[in-house]
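Each chain is listed here by its residues.
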Amino acid sequence: FYVNDYAVGMAKGKYSMIDGSTRYFAKYSNNNPMVILLYFLYSIADFFGVTDLIGFGRCVNAVAIMGAEVLFFFAIKKLTGKLTTAVKFLLLSLIYPPVILLVPWVYTASFCLPFMGGIFLAGANLYRAKKKSSIIINSAVAGVLTVAGYNIRPVVMILSIAFFICLVMWTLRSKERLK
């Protein structure tokens, strides 16, 4: 909970900035963007009078996980063209114990999920795209989500690299896609 505690401390005015000389932030500086994001969320909640900022963070975490589930649902529906496959995925992922256990753990592992869901949906849209404008918009969305998600947790980049490799292979298979 060090990231959470530090973000709460910043929101409450205990700390003015992230101290990179502390043992934790010197070793895990990749968590700085997460602390900043939580600081802004907790500051907004504090402004509106929310006193339990950790509970608020857990609620935001649950919304992030559910938002990711919805994005994955639409991406799977778009890729397969089958509603039943997407519903099966949604049901399985919602009853999967690690997803349920992830809700109280407000950390980068769950905050990166909406970025990954958005990249997955943009990739599914790219796979089905016929118009150049759709290709450009979905490519831009995937790029922005990759860069923003990378700052929360670098693992987001793996999904983008995988989609890029798949799109290259798909394009090489069908030369008409290059036009």
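Everything quoted here is computed from the prediction, not taken from an experiment.

The next point concerns the overall build of the protein chain. Looking only at helices and strands, one finds 10 helices and zero strands in the protein chain. Taken over the C-alpha atoms alone, the protein chain extends approximately 60 × 35 × 30 Å along its principal axes. Out of the 179 residues belonging to the protein chain, those deemed buried represent 35%. A separation of at least 24 residues holds for 65% of the contacts in the protein chain among residues at least 6 apart in sequence. Averaged over its 18 positive side-chain charges, the protein chain has a centre that lies 19 Å from the centre of its 6 negative ones.

Turning our eyes to something else, we now look at the packing of aromatic side chains. Going through the model one piece at a time under the given rule, you end up with 15 aromatic pairs. A ring pair is formed by tyrosine 24 and tyrosine 28, whose centres lie 5.1 Å apart and whose planes are at 45 degrees; its orientation type is tilted. Centroid distance phenylalanine 120 to phenylalanine 163: 5.6 Å. Interplanar angle 35 degrees. Geometry classified as tilted. Separated by 43 residues along the polypeptide, phenylalanine 120 in helix 8 (residues 113-128) and phenylalanine 163 in helix 10 (residues 156-173) bring together distant segments of the chain. Relative accessible area serves as the criterion here: at 17%, phenylalanine 120 is assigned to the buried category.

Mapped onto the elements of the fold, asparagine 138 is located in helix 9 (residues 132-152). One polar contact links asparagine 138 to asparagine 125, side chain to side chain, over a distance of 3.3 Å. When neighbours within four sequence positions are excluded, asparagine 138 is seen to be in contact with Ala122, Asn125 and Leu126.

We now examine a nonpolar patch on the surface. On the surface, a cluster of nonpolar side chains totalling about 780 Å² of accessible area is made up of Tyr150, Met157, Ile161, Phe164, Ile165, Val168, Met169 and Leu172. Tallying contributions element by element places helix 10 first for the nonpolar patch, with seven residues.

It is worth spelling out helix 9 at this point. Residues separated by three or four positions in an α-helix point in the same direction, a consequence of the helix having 3.6 residues per turn. Its 21 residues place the ends of helix 9 30 Å apart at the C-alpha level, agreeing with the 30 Å of an ideal helix rising 1.5 Å per residue. Within the span of helix 9, buried status applies to Asn138, Ala142, Thr146, Gly149 and Ile152. Projection of helix 9 onto a plane perpendicular to its axis shows the buried side chains occupying an angular sector of 115 degrees, all on one side. When the buried face of helix 9 is taken as reference, the exposed residues oriented beyond 90 degrees from it are Lys132, Ile136, Ile137, Val144 and Val147.

Structurally, the position occupied by threonine 51 is in the loop between helix 3 (32-47) and helix 4 (53-80). For threonine 51, a relative accessible area of 69% gives the class exposed.

What counts and how
- Residues numbered from 1 in each chain as written.
- Predicted model: local features only at pLDDT ≥ 70, side-chain atom pairs only at ≥ 80, totals over all residues.
- Heavy atoms only, no water.
- Helix = DSSP H or I, 4+ residues; strand = E, 2+ residues; numbered from the N terminus.
- Buried < 20%, exposed > 50% of the residue type's maximum accessible area, 1.4 Å probe, protein only.
- Contact = heavy atoms within 4.5 Å.
- Lys, Arg positive; Asp, Glu negative; His and termini not counted.
- Charge placed at Lys NZ, Arg CZ, Asp CG, Glu CD.
- Phe/Tyr/Trp six-rings, centres within 6.5 Å; stacked < 30°, edge-to-face > 60°.
- Polar contact = N/O pair within 3.5 Å; in protein donor to acceptor, adjacent residues only side chain to side chain.
- Patch = residues over 30% accessible without salt bridge, like charges linked within 9 Å, V, L, I, M, F, W, Y side chains within 5 Å.
- Areas by Shrake-Rupley, 256 points an atom, 1.4 Å probe, with all protein chains shown as cover.
- Salt bridge = Lys/Arg side-chain N within 4 Å of Asp/Glu carboxyl O.
- Expected span 1.5 Å × (residues − 1).
- Arc of directions from axis to C-beta.

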